[in-house]
Amino acid sequence: MRAADDGTNSMWGGRFTSGPDAVMEAINASIDVDQRMAKQDIDGSRAHARMLAQQGIISDADAAAIDDGLATVSEEIAQGLLTFQRELEDIHMNVEARLKEIVGEPAGRLHTGRSRNDQVATDFRLWVRDSIDRVDAGLAALIGGLLDRAEEEADTILPGFTHLQPAQPVTLGHHLLAFVEMFSRDRGRFADARKRLNESPLGSAALAGTPYPLDRDMTAQALGFDGPTRNSLDSVSARDFALEYLAAASILATHLSRMAEEMVVWSSAAFGFISFSDAWSTGSSIMPQKRNPDAAELLRAKIGRIFGAFTSLLLTMKGLPLAYSKDMQEDKEVTFLAADAIELSLAAAVGLVGDFRPDREAMRAACLKGHLTATDLADWLVRALGLPFREAHHVTGTLVALADEKGARLDELSLEDLQSVHADITTAVFDVLSVEASVASRQSFGGTAPDRVRAAIEAARSQL
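Residues numbered from 1 in each chain as written. Predicted model: local features only at pLDDT ≥ 70, side-chain atom pairs only at ≥ 80, totals over all residues. Heavy atoms only, no water.

Caption draft 1: Geometry of the overall build of the chain. For the chain, the count of helices and strands is 19 helices and four strands. In terms of overall size, the chain is more extended than a compact globule, its C-alpha atoms giving a radius of gyration of 31 Å where 464 residues would be expected to give roughly 23 Å. Counting across all 464 residues of the chain, residues that qualify as buried make up 47%. For the chain, contacts bridging at least 24 residues in sequence account for 75% of all contacts bridging at least 6. Charge-centre separation for the chain: the mean point of 46 positive side chains lies 1 Å from the mean point of 68 negative side chains. (Helix = DSSP H or I, 4+ residues; strand = E, 2+ residues; numbered from the N terminus. Rg over C-alpha atoms; globule rule 2.2 N^0.38 Å. Buried < 20%, exposed > 50% of the residue type's maximum accessible area, 1.4 Å probe, protein only. Contact = heavy atoms within 4.5 Å. Lys, Arg positive; Asp, Glu negative; His and termini not counted. Charge placed at Lys NZ, Arg CZ, Asp CG, Glu CD.)

Caption draft 2: Summary view of the packing of aromatic side chains. With the rule as written, the count across this model stands at eight aromatic pairs. Both rings, one in Phe 124 and one in Phe 241, keep their centres 5.4 Å apart while their planes meet at 70 degrees; by these two values the pair is edge-to-face. One end of the pair, Phe 124, is in helix α6 (residues 116–152); the other, Phe 241, is in helix α10 (residues 240–266), and 117 residues separate them in sequence. Grouping residues by exposure puts Phe 124 and Phe 241 together as buried. Seen in terms of ring centroids, Phe 271 and Phe 273 are 5.3 Å apart; in terms of plane orientation they differ by 85 degrees. Their pairing is edge-to-face. Members of the aromatic cluster, connected to one another through ring pairs, are Phe 124, Trp 127, Phe 241 and Phe 336. Seen from the ring of Trp 127, Arg 134 lies directly overhead, with NZ or CZ sitting 5.5 Å from the centre. Here Lys 332 stacks its cationic end above the ring of Phe 124, 5.5 Å away from the centre of that ring. (Phe/Tyr/Trp six-rings, centres within 6.5 Å; stacked < 30°, edge-to-face > 60°. Lys NZ or Arg CZ within 6 Å of the ring centre and 35° of its normal.)

Caption draft 3: Region of interest: the pairing of strand β2 (residues 165–171). Two strands pair when backbone bridges link them, and strand β1 (residues 157–162) and β2 are joined in this way by six bridges, in the antiparallel orientation. By the bridge assignment for β2, Thr 162 is matched with Gln 165. Counted between consecutive antiparallel strands, the loop separating β1 from β2 contains two residues, among which His 163 sits at a positive phi close to 55 degrees. (Pairing = 2+ DSSP bridges.)

Caption draft 4: Quick look at the confidence of the model for the chain. For the chain, the average pLDDT comes to 92, and 94% of its residues sit at 70 or higher. Low pLDDT (under 50) marks residues 1–8, which in the prediction has 17 contacts with non-local residues, meaning those over four places away or in another chain. (pLDDT = per-residue confidence, 0-100.)

Caption draft 5: Examining the packing of helix α12 (residues 303–317) against helix α13 (residues 331–355) more closely. Contact geometry of α12 with α13 gives a least axis separation of 9 Å together with a crossing angle of 160 degrees. Compared by their axis directions, α12 and α13 come out roughly antiparallel. As for the relative orientation of α12 and α13, their crossing is left-handed in sense. Two secondary-structure elements touch here, α12 through Arg 305, Ile 306, Ala 309, Ser 312 and Leu 313 and α13 through Asp 331, Val 334, Thr 335, Leu 337, Ala 338, Ala 341 and Ile 342. For the contact of α12 with α13, a count of residues per class yields eight nonpolar, two polar and two charged. (Axes fitted to C-alpha atoms, helices over the stretch in contact; angles between N-to-C directions. Parallel < 35°, antiparallel > 145°, perpendicular 65-115°, else oblique. Left-handed = near helix turned anticlockwise from the far one by under 90°. Nonpolar A, V, L, I, M, F, W, Y, C, P; charged D, E, K, R; others polar.)

Caption draft 6: View of the environment of Glu 153. Secondary-structure assignment places Glu 153 in the loop between α6 and β1. Through-space distance from the C-alpha of Glu 153 to that of Thr 171 is 7.3 Å; in sequence the pair is 18 residues apart. Residue contacts for Glu 153: discarding those within four places in its chain leaves Thr 171, Leu 172, Gly 173, Pro 358 and Arg 360.

Next comes the structure, spelled out in structure tokens:
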């Protein structure tokens, strides 16, 4: 796998009479990045060679030699025995060069009817498809973990917040199910992206198709695609499949970051709602009392590199004329980095969800601050006394002010206190002022009542 001894570039044949400048070679090479597509590249080449033989374009003997040789290259890569060479630029030429060393002349027939343009487009689609499958498995594990914890905490009560201010009591199970909904939609987005990318560019060649009688349906089927792409120009120049993958990853990262943010806040001393084991927290180099939620904080931070990858590829693609431009070589590094981040983040999220320990007493105690059952009082005034809701809202607001003045909760006001604001209030109102009664009353579909939570868990498990 040496460059030609006369200084010419062996890849370009007679067109170039001297080799590239060292800086040009450095900026042009992508093998440090795209070697991650070795499996996909070899799978595509094996499918292509078999098709060429079936169509009578190369001999069966050459196809068999190519297939055996590629199997050997694959094994060498898996065992770390193949040294990639930057002067060969990319994974495609590194594999082909090694194949030639193994099988000789038949290797030169492998590239018949294709170009590196459709080859890389095929490899990249295969790689993104594989990553989507890994992400989906990670999401399924995360959703399953959330459902398990939601079932454990279906009756656990804590404050629900708006504007990060205590609003109404909810169950922890219900709160966790909110993330189940988010991550379930993420699964749908990745599934949609997978469906759209699952077309094979192989056989589109450089940009215009090929004069050889290729069977593109055969290679598409062999590689698990739904069929071949329909336009050769689009086939080699499209990267919207990677953009859609990164868009879905960005939305997923947002959801992961929001969940991580709550874990960070809830584990703080100010809240004290949850804690993590030693396996999922760290200490301080100077303050021995500290237990830091570093895993959750790092999960929250990963969104930056994923957003960055999406933005980077958008900017790379936004002004490119058809068909292929070398700019598109920059597509893979950012996508690979984002994929690493999202897959690691999912694994961390699964671990954090399984590890956190709720302090149920602290959660319930927090519900006793901030008059979280005020809406229940207003609803009772509507149901029991027939007040218009706006009037009930005003009466409740006046009673909240009275409770604040007395330094009491709403359920600690006396009947006389309540009747001083509205004379028709009866002792029946006390039945709705506990946080347990409030939660139990939220029986509307999608509500926080424990039996609704359990029904939602059962439904989600059946979909999972």
